[in-house]
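Commentary on secondary and tertiary structure
Below are the chains, spelled out letter by letter.
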Amino acid sequence: MRSDRTGTETATATGESDPAAKPADGPSRRRIVSILAAAVATVSVPAATATANQPPGRTAARPATATATRPRRSLATGPLFIGTYTSSGGPGIGLASYDTVTGQITATGTLQGVGDPSYLAVHPDGTTLYAVNERQDGGVTAIALGEDGSHTVLGTRSTGGSSPCHLSVHPGGRWLLSANYGSGSVAVHPIEASGALGERTDLVTHSEPAPGPGQNGPHAHQIVTAPDGGHVLAVDLGTDSVYTYRLDETAGTLSQVAYATLPAGAGPRHLVFHPSSQFAYLANELNNTIAVCGYDKDSGTLTPGEPLPTGAGGAGSSFPSQPVITANGAFVFLANRGHNSLSRFAVEENGAGLRLLDTVPVGGDYPRQLALSPDGTLLFAANQRSNAVSVFHVDQESGQLAAAGDPFRSPVAVCVLPL
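The following paragraphs examine the structure supplied in this document.

1. Side note on the overall build of the protein
Helices and strands together make up the secondary structure of the protein, namely 1 helix and 33 strands. Each of the 419 residues in the protein was classed as buried or not, and the buried ones make up 56%. Summarising the internal contacts of the protein: among those between residues at least 6 apart in sequence, 52% fall at separations of at least 24. Accessible surface computed for the protein: about 15,800 Å², of which carbon and sulfur atoms make up 52%.

And the structure:
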């Protein structure tokens, strides 16, 4: 059981809440999703799995010197991974490639054997993919990426909480960070030399401040490291707070050094940092705003500014999900689920200001997550309810978005990761 956007207790198989109520005389959302998913043909590629949760190769912690990224070549296509809810009809992790010029996506198969992989992240060296298992008994799974497209599941570790919905790799490459939405906690796992995960080294539950209006407890929604690598920040929708931690990179433990509070009922969900590390842009899911936050790199203190409208309707109608920023820090894009749109903001005052430029239709239903291609010329949106991924060309001068053809059909697409 968990709360929906209005605070009503709702039973779900995953940690993702759904503000749309089920019609009294119609099929449930899950039934509709299952019907749509069944209509989309996929190619199944069973994953090779290491036995007894132990991967082949070395088991010592991955040294910091092993995090150099693969040389990036100018390629005509790039790999694309799509996270889904297998408990709602998703096939697993969708495998695809995309044309780096046109944005066209081509399906290449499905990686099975990973339950409810609703959020994905890749190791800095590009050799290992990580997925949350967004279930009551939450887990995180490591997948070794083969250059020939053959991928191997290295094993799953418990997050110690329920419904993990976000994860990220610490820039040093030795630690995986995850956020448990259902239990309002954040976890740390060591990354071994093979890319596999070791036993959890820390679990911190957000116990204060008290939950916000309509919330039944803390709901950690994101955990991410500041660009300078000095602090780890966890965004909690349930307590209307962002917590700042210092990570002990030897022991793999978190020490809280500060927390920032948002207006009651704001429902902060995800933030993205400006390249300067002096500012962050925080999407508030419940009051439909985005806030510019000052960030002090020395103390880790985050200072939220006045919430700004997203251009996508009033509070409780749009549910913005994820902001992303261009590599040069010039533009921020925000997905609006209820409004089915993308907001484009100009970054001004050297990062201290945002100005809404426009909103454009996303070309799908309920965009849960956004991602930019590595070169920043393409923007991908995972549309959960329309079972599709939309792709947009990004004008490098103006930030304007132009649809790159028809959306790519993909069952229960909730996360997209272009490499």
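We are not done yet, so read on.
2. Brief notes about the pattern of salt bridges
Should the charged atoms of two oppositely charged side chains come close, the side chains can pair. Here the structure, examined in full by the defined rule, presents 7 salt bridges. With a shortest N-O distance of 2.9 Å, R157 and E199 are connected by a salt bridge. Pair noted here: R157 is in strand β10 (residues 152-158) and E199 is in the loop between β13 (185-190) and β14 (202-205), with a separation of 42 residues, a long-range link. Looking at R157, the relative accessible area reads 11%, which means it is buried. The exposure class assigned to E199 is exposed, which follows from its relative accessible area of 57%. Between R344 and D358 there is a salt bridge whose closest N-O contact spans 2.8 Å. Here the residue R344 occupies a position in strand β26 (residues 341-348), and D358 occupies one in strand β27 (residues 353-361), the gap between them amounting to 14 residues. Judged by its relative accessible area of 25%, D358 is partly exposed.

3. Here's the deal with the packing of aromatic side chains
Applying the stated rule across the entire model yields 3 aromatic pairs. For the pair Y243 and Y259, a centre-to-centre distance of 5.8 Å together with 35 degrees between the ring planes defines the contact as tilted. Residue Y243 is located in strand β17 (residues 241-248), and its partner Y259 is located in strand β18 (residues 253-261); the two are separated by 16 residues in the primary sequence. Residue class for Y243 comes out buried when judged on its relative accessible area of 1%. Note on F273 and Y295: the rings are 5.2 Å apart at their centroids and 75 degrees apart in plane angle, and the pair reads as edge-to-face. Of the two residues, F273 is situated in strand β19 (residues 268-273) and Y295 in strand β21 (residues 289-295); the sequence distance between them amounts to 22 residues. As far as burial versus exposure is concerned, F273 and Y295 are alike and both buried. Looking at R385, its charged tip hangs above the ring of Y366, at a distance of 3.9 Å from the centre.

4. Focus: the environment of S390
Secondary-structure assignment places S390 in strand β30 (residues 388-394). Taking the C-alpha atoms as reference points, S390 and G103, separated by 287 residues in sequence, lie 9.5 Å from one another. Those residues within four positions of S390 in sequence are excluded, and the remaining contacts are V362, G363, G364, L379, F380, A381, N383 and P407. A polar side-chain atom of S390 sits 2.8 Å from the main-chain carbonyl oxygen of V362.

5. Looking at the sheet that holds strand β33 (residues 415-418)
A sheet is described by the order of its strands in space; here 4 strands give the open sequence β6-β5-β4-β33, paired in antiparallel fashion. One side of each edge strand has no neighbouring strand; the edge strands of this open sheet are β6 (105-111) and β33. For this sheet, the mean inter-axis angle between neighbouring strands, taken without regard to orientation, is 25 degrees. The sheet contact formed by strand β5 (residues 93-99) and β6 spans 6 bridges and is antiparallel. For I93, the partnering residue across the bridge sits in β6 and is L111.

6. Looking at the environment of G78
With respect to the secondary-structure elements, G78 resides in strand β4 (residues 77-83). Overall, G78 belongs to the buried group, its relative accessible area being 5%. Excluding residues that lie within four positions of it along the chain, G78 makes contacts with A96, S97, Y98, T100 and L419.

7. Considerations on empty space enclosed by the protein
For the structure on display, the rule yields 1 cavity of 30 Å³ or more. Roughly 60 Å³ of volume is contained in the largest cavity. Elements represented by at least two residues in the lining of the largest cavity include exactly β19 and β28 (367-372). For the lining of the largest cavity, the residue count by class is 3 nonpolar, 4 polar and 2 charged.

8. Some details on unusual backbone geometry
For the bond running from E208 to P209, omega is 0 degrees, close enough to zero to count as cis. Structurally, P209 can be placed in the loop between β14 and β15 (220-225). Residue N288 is not a glycine yet carries a positive backbone phi of 55 degrees. Examined against the element boundaries, N288 turns out to sit in the loop between β20 (279-284) and β21. Positioned with a positive phi, V412 is a non-glycine residue whose angle comes to about 45 degrees. Summarising the element assignment, V412 is placed in the loop between β32 (408-409) and β33.

9. Focus: the sheet that holds β15
Taken in spatial order, the 4 strands line up as β15-β16-β17-β18 in an open sheet, and their pairing is antiparallel. Among the strands making up the open sheet, the edge pair consists of β15 and β18. Neighbour-to-neighbour, the strand axes of the sheet open up by a mean angle of 25 degrees, direction not taken into account. In the sheet, β17 pairs with β18 via 8 bridges, with the strands oriented antiparallel. Counted as the bridge partner of Y245 is Q256 from β18.

Calculation rules
Residues numbered from 1 in each chain as written. Predicted model: local features only at pLDDT ≥ 70, side-chain atom pairs only at ≥ 80, totals over all residues. Heavy atoms only, no water. Helix = DSSP H or I, 4+ residues; strand = E, 2+ residues; numbered from the N terminus. Buried < 20%, exposed > 50% of the residue type's maximum accessible area, 1.4 Å probe, protein only. Contact = heavy atoms within 4.5 Å. Areas by Shrake-Rupley, 256 points an atom, 1.4 Å probe, with all protein chains shown as cover. Salt bridge = Lys/Arg side-chain N within 4 Å of Asp/Glu carboxyl O. Phe/Tyr/Trp six-rings, centres within 6.5 Å; stacked < 30°, edge-to-face > 60°. Lys NZ or Arg CZ within 6 Å of the ring centre and 35° of its normal. Polar contact = N/O pair within 3.5 Å; in protein donor to acceptor, adjacent residues only side chain to side chain. Pairing = 2+ DSSP bridges. Axes fitted to C-alpha atoms, helices over the stretch in contact; angles between N-to-C directions. 1 Å grid on protein atoms, 1.4 Å probe; cavity = no way out; pocket = protein on both sides within 12 Å on 5 of 7 lines; lining within 4 Å. Points joined across faces, edges and corners; volume = space filled by probe spheres on them. Nonpolar A, V, L, I, M, F, W, Y, C, P; charged D, E, K, R; others polar.

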